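Breakdown of the fold
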Amino acid sequence: MKKICLNYHNLGYNPQFGINKVHPINFKNHIDIINNEIDKDPNLDVSITFDDGYENIYRFAFDYLNESRIKKKIIFPITDYIGRYNDWDSTFFLNTYKHLNQEQIKLFSDGGWEIGSHCATHRFLDSISSDEIRDELINSKDVIEQLTGKEVVSIAPPFGVLNQRVYDHCLNAGYKNIYVQKHDNIKESLEITIVRRNNIYSIDRSDSIIRKINSDRREKMKEDCITSLNTVTRFLNRFTSK
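Read on for a plain summary of the structure. Just so you know, these numbers come straight off a predicted model, no measurement behind them.

Focus on helix 6 (residues 164–172)
Taken as a whole, helix 6 has its buried residues at Val166, Tyr167, His169 and Cys170. Looking straight down helix 6, one finds that the buried residues subtend no more than 165 degrees of arc, so they occupy a single side. In this structure, the buried residues of helix 6 make contact with helix 5 (130–148), strand 7 (154–155), strand 8 (161–162), strand 9 (177–180) and strand 11 (193–196). After helix 6 finishes, the residue Gly174 shows a positive phi value of roughly 95 degrees.

Okay, here's the thing in structure tokens:
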């Protein structure tokens, strides 16, 4: 079985500073392409994840993905911002969005979607103390489990990168899967799995989706380059967020 994980952040029509928000029409085209690829290759297993847990995912993705051939769908909300606006982010007066509320998260969970953790506050985990990392991992896990009544087994560390220190904390917190874009050389345990994802951006069109599904080296290079800019994003979030 060939497993591919594609990750989105936000969907919407209005302009945005940055490339993390995908136009809903393009998103539907992506899903149609994935459906066709699954039809052509019964050994292809594509999962879709959404970081941050924005309200627009309910508006533009919930029904369409439920009708798709994609079986595994995961939302990773930031638990301190459930039902709130994204004050944690650098909005630049354009990127202000509301996160999913409790009722919407329950609808996703009851509809067969997995609800994972994107931590409590979206801080870069390797920049904070071990006690703070534990709080981010455990508190967010507890909030989602109380909300959905289901065990939280998956986490997507903010900014999509992973090193041994964060990996060990995720393991100790009881997670079973860590979803990332890239990671250091990790001494892995059999008790937790690292899932490498391909990010989808507003610049990605049909041919990009095909290349990502086929693990094209050009797409990996592009994504690694964009991910490397997270250093700038983390700096801006620290000094310009509301």
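Some details on a nonpolar patch on the surface
Residues Phe17, Phe92 and Leu94 make up a contiguous nonpolar surface patch of about 290 Å² in total accessible area. Following the sequence through the fold, Leu94 ends up in the loop between strand 5 (72–77) and helix 4 (102–110). Residue classification places Leu94 among the partly exposed positions, given a relative accessible area of 46%.

Quick notes on the nonpolar core
For soluble globular proteins, nonpolar side chains are generally found buried alongside one another. Residues Leu11, Phe27, Ile34, Ile48, Phe50, Leu65 and Leu137 are the most contacted members of the largest nonpolar core, which totals 55 residues. With 5 residues, the top contributor of residues to this core is helix 1 (residues 24–40). Residues Cys5, Phe76, Ala156 and Val195 belong to the second largest nonpolar core, which totals 6 residues.

Describing the pairing of strand 9
Of the two faces of strand 9, the one carrying Asn177 and Tyr179 and the one carrying Ile178 and Val180 are both buried. The pairing of strand 7 with strand 9 spans 2 bridges and is classified as parallel. Bridge pairing links Ser154 to Asn177 in strand 9. Here strand 9 runs beside strand 11; their pairing, made up of 4 bridges, is parallel. By the bridge assignment, Val180 is partnered in strand 11 with Arg196.

Considerations on the sheet that holds strand 12 (residues 198–199)
The strand order across the open sheet formed by 5 strands is 6-5-4-1-12, and the pairing between neighbours is parallel. Every other strand in the sheet has two partners, leaving strand 6 (114–115) and strand 12 as the edge strands with one partner each.

Quick look at the packing of helix 1 against helix 7 (residues 206–213)
Close contact between helix 1 and helix 7 brings their axes to 10 Å; oriented N to C, the two are set at 40 degrees. In terms of orientation, helix 1 lies oblique with respect to helix 7. Remark: the crossing between helix 1 and helix 7 carries right-handed chirality. Where helix 1 approaches helix 7, its residues His30, Ile33, Ile34 and Glu37 are matched on the opposing element by Ser206, Ile209, Ile210 and Ile213. Broken down by class, the residue content of the contact of helix 1 with helix 7 amounts to 5 nonpolar, 2 polar and 1 charged.

Quick notes on the environment of Asp168
One can find Asp168 in helix 6. Sequence separation between Asp168 and His23 is 145 residues; the distance between their C-alpha atoms is 37 Å.

About the criteria used
- Residues numbered from 1 in each chain as written.
- Predicted model: local features only at pLDDT ≥ 70, side-chain atom pairs only at ≥ 80, totals over all residues.
- Heavy atoms only, no water.
- Buried < 20%, exposed > 50% of the residue type's maximum accessible area, 1.4 Å probe, protein only.
- Helix = DSSP H or I, 4+ residues; strand = E, 2+ residues; numbered from the N terminus.
- Arc of directions from axis to C-beta.
- Contact = heavy atoms within 4.5 Å.
- Patch = residues over 30% accessible without salt bridge, like charges linked within 9 Å, V, L, I, M, F, W, Y side chains within 5 Å.
- Areas by Shrake-Rupley, 256 points an atom, 1.4 Å probe, with all protein chains shown as cover.
- Salt bridge = Lys/Arg side-chain N within 4 Å of Asp/Glu carboxyl O.
- Core = buried A, V, L, I, M, F, W, Y, C linked by side-chain atoms within 4.5 Å.
- Pairing = 2+ DSSP bridges.
- Axes fitted to C-alpha atoms, helices over the stretch in contact; angles between N-to-C directions.
- Parallel < 35°, antiparallel > 145°, perpendicular 65-115°, else oblique.
- Left-handed = near helix turned anticlockwise from the far one by under 90°.
- Nonpolar A, V, L, I, M, F, W, Y, C, P; charged D, E, K, R; others polar.

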